[in-house]
Amino acid sequence: MIEIHNIHKAFDGKKVLDGVSGVFETGKTNLLLGASGTGKSVLLKCIVGLIKPDLGSVTFDGTYFTNNKLDIRQEIRRKIGMLFQGSALFDSMTVEQNVEFPLKMLTDMNKEERMDRVNFCLKRVGLEGANKKMPSEISGGMKKRVGIARAIAPHCTYLFCDEPNSGLDPQTAMKIDELIKEITEEYNITTIIVTHDMNSVIEIGDKIMFLYEGKKLWEGTRDEIMDTDIHELNEFIFANRLMRDAKKVEDEEREEEEERRHNGQVASQGKEKAPSEETVETRDEPQPENPDGPAATTQSGNDKV
Amino acid sequence: MLQSFGKYLLFMQSLFTRKESAKILFGRTVDEAILIGINSIFIVAIVSTFIGAVTCVQVAYNLNNAFIPRSTIGFMVREMTILELAPTITSIVLAGKVGSSIAGGLGTMQITEQVDALEVMGINSASYLVLPKVVAAILVFPMLVILAMFLSILGGYLAGTLSGELTPQEYITGIRDQFIPYNITFALIKSVVFAFLISSISSFRGYYTSGGALEVGAASTAAVTNSVIAILIGDFVLAYILL
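Residues numbered from 1 in each chain as written. Chains lettered and ligands numbered in written order. Predicted model: local features only at pLDDT ≥ 70, side-chain atom pairs only at ≥ 80, totals over all residues.

Student: Would you mind going over the overall build of chain A with me for this structure?
Tutor: Scanning chain A from terminus to terminus reveals 12 helices and 10 strands. Burial statistics for chain A: of 305 residues in total, 35% are counted as buried. Excluding contacts between residues fewer than 6 apart, the proportion of contacts in chain A whose partners are at least 24 apart in sequence is 65%. (Helix = DSSP H or I, 4+ residues; strand = E, 2+ residues; numbered from the N terminus. Buried ≥ 20, exposed ≤ 12 C-beta atoms within 10 Å, placed from the backbone. Contact = placed C-beta atoms within 7 Å.)

Below, the structure is given as structure tokens:
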């Protein structure tokens, strides 16, 4: 679990982060969502220690990280895997050497053990056989996969991804998202993903933090995000025509459902007969006018698990 | 200017904090020595041979007095080569080749977040990337300067004898005349100092690159110009102190 508390950061007097706090849970894909220039990447770099915050603190599983002793920070950093926006693969090394690099630097494994781990990681990200290729010889999606393999190779506890699907086609982007989600759950690691892609939110966002002008404006799950009344968040979500249409269809379906239910109730009241099985079932379904109904409570409870 | 110098000193200090294991640094140093040394042999050979040849021809052109022995040409070629041309010109050439390569490489690594990737892993990127370059340059530059001295004198010999300006015997007599071994030591000291200046200044320029491709180009240019200025200042200071 990673906790951030009251993170402030300014560059040349311009506030980029303004008192951001939050908790990123283990085994979940935590998303930092927001438009470009809202401070998502800066916050991520503050968390991993690439940028020193002006104020505030970061804690990794209860261990204070910001401004702590160098050896403690180094110890934590060795548990961190990071996938950069441009993959940041070392140009002069092959795919295999890139994945082997953290093992060589951070572990006492011998060559054979390292190669076993490299091959396992490459297989895990679906790149078996690409060992000897140079980064310049592989596609953007493959580079991201190599980046993920390099991040998980030394058995990382925390995985950070800075816009993992930027510049990729929707299908490849979805595969990368799914891979990150699978790895997070499989190894029970704490994953934080910076994104402005609503598809990622819908597909893999267990917990989402929405940043706006350097401030945390909203926090919640992907099921809750579509029904918020925060203007800035709605403006961000529904900037995409597809999302607008999806919302429109959802609203229309909901209205139709309400109308049908309402008509059914009126009809049943008009006939003044005993409630049928169908009416009993309907009563158990979530009522839009009554969000605290039994079904709504159950769903909310599931989200928290 | 002063701020940059302070930043440079802090950068140099950072090379020696949180160093990686000796085994890793040794491996990286050997790699860098190959890149800096082997890849520079050709350009150093070409430049120094022709500089020796041109020096010989120009000295012969100026020494046409019958009272001055022709062996003086060989003597002057040797003195100019050992004291100034081999260490300084070779270093200026290497500032262009090696310095721009170091700054460009580090600058590209910086803007493509490869340096950040090292830092996230808990590796001191400055120490891991720069220290081997500086050590390799200090080890390799004297060897290149020795090669440059030999080839310059050889170039002078070929140019002088083939053009008929002097006989091989006259040239060799001049080369051996009043030889001061300390001059070789002085040249090697200069090469070590210039190696440090070129590799550290170029690394500093490259390491602090931010922006994009344009800035990487600007960092390479700045690395070369700053290195050349530092070489010339260092050359004067060393000559003043050590001669």
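Student: I keep staring at the nonpolar core and nothing clicks. Help me out?
Tutor: As a rule of thumb, soluble globular proteins bury nonpolar side chains together. Counting 129 residues, the largest nonpolar core has A:L32, A:L43 and A:A149 as the members making the most contacts within it. When residues in this core are grouped by element, the largest group, 19 residues, is from helix α6 (residues 125–162) of chain B. Residues in contact with A:A149, not counting those within four places in the same chain, are A:V99, A:C121, A:L122, A:R124, A:V125 and A:L127. (Core = buried A, V, L, I, M, F, W, Y, C linked by C-beta atoms within 7 Å.)

Student: Help me understand the sheet that holds strand β5 (residues 63–64) of chain A in this model?
Tutor: Remark on secondary structure: sheet strands pair via backbone hydrogen bonds, oriented parallel or antiparallel. Residue and element names in this part refer to chain A. The antiparallel open sheet is built from four strands, whose spatial order is β2-β1-β4-β5. Two strands close off the open sheet at either side, each with one partner strand: β2 (14–24) and β5. As judged from the five bridges shared by strand β1 (residues 2–11) and strand β4 (residues 55–60), these two strands associate in the antiparallel manner. Pairing of I2 across the sheet is with F60, part of β4. Most of the contacts of helix α1 (residues 40–48) go to β1, to which it runs at about 120°, and overall it touches β1, β2 and β4. (Pairing = 2+ DSSP bridges. Axes fitted to C-alpha atoms, helices over the stretch in contact; angles between N-to-C directions.)

Student: I keep staring at the pairing of strand β10 (residues 215–220) of chain A and nothing clicks. Help me out?
Tutor: Residue and element names in this part refer to chain A. When strand β9 (residues 207–212) meets β10, the two strands line up antiparallel, connected through five bridges. Across the sheet, I208 pairs through a bridge with G220, a residue of β10. Counting the residues that bridge the hairpin from β9 to β10 gives two residues, and of these E213 lies at a positive phi of roughly 50°.

Student: Hey, could you run me through the environment of B:V140 in this one?
Tutor: All names here are of chain B. Within the element layout of this structure, V140 appears in helix α6. Counting along the chain gives 60 residues from V140 to M80, while the straight-line C-alpha distance between them is 22 Å. Those residues in contact with V140, other than ones at most four positions away along the chain, are A33, I36 and G37.

Student: Would you explain the interface of chain A and chain B in this entry?
Tutor: Buried accessible area, meaning the area lost when the parts come together, often serves as the stated size of an interface. Tallying the contact residues gives 14 residues for chain A and 10 residues for chain B. Listed by contribution, the elements that provide at least two residues to the side of chain A that touches chain B are α2 (70–77), β6 (80–83) and α3 (95–106) of chain A. Tallying contributions element by element places α3(A) first for the side of chain A that touches chain B, with three residues. When grouped by side-chain class, the residues that make up the side of chain A that touches chain B number 10 nonpolar, two polar and two charged. (Nonpolar A, V, L, I, M, F, W, Y, C, P; charged D, E, K, R; others polar.)

Student: Whenever I open this one, α6(B) confuses me. Can you help?
Tutor: An α-helical segment advances 3.6 residues per turn. Residues three or four places apart therefore align on the same side. Residues and elements named next belong to chain B. In this model, α6 (38 residues) spans 53 Å end to end at C-alpha, consistent with the 56 Å of a helix rising 1.5 Å per residue. Where α6 bends most, the angle comes to about 25°, and this point is L131, followed within four residues by the proline P132. Of the residues flanking the end of α6, it is G164, one or two places downstream, whose phi is positive at about 85°. (Expected span 1.5 Å × (residues − 1). Bend = angle between axes of the 7 residues up to and from the residue.)

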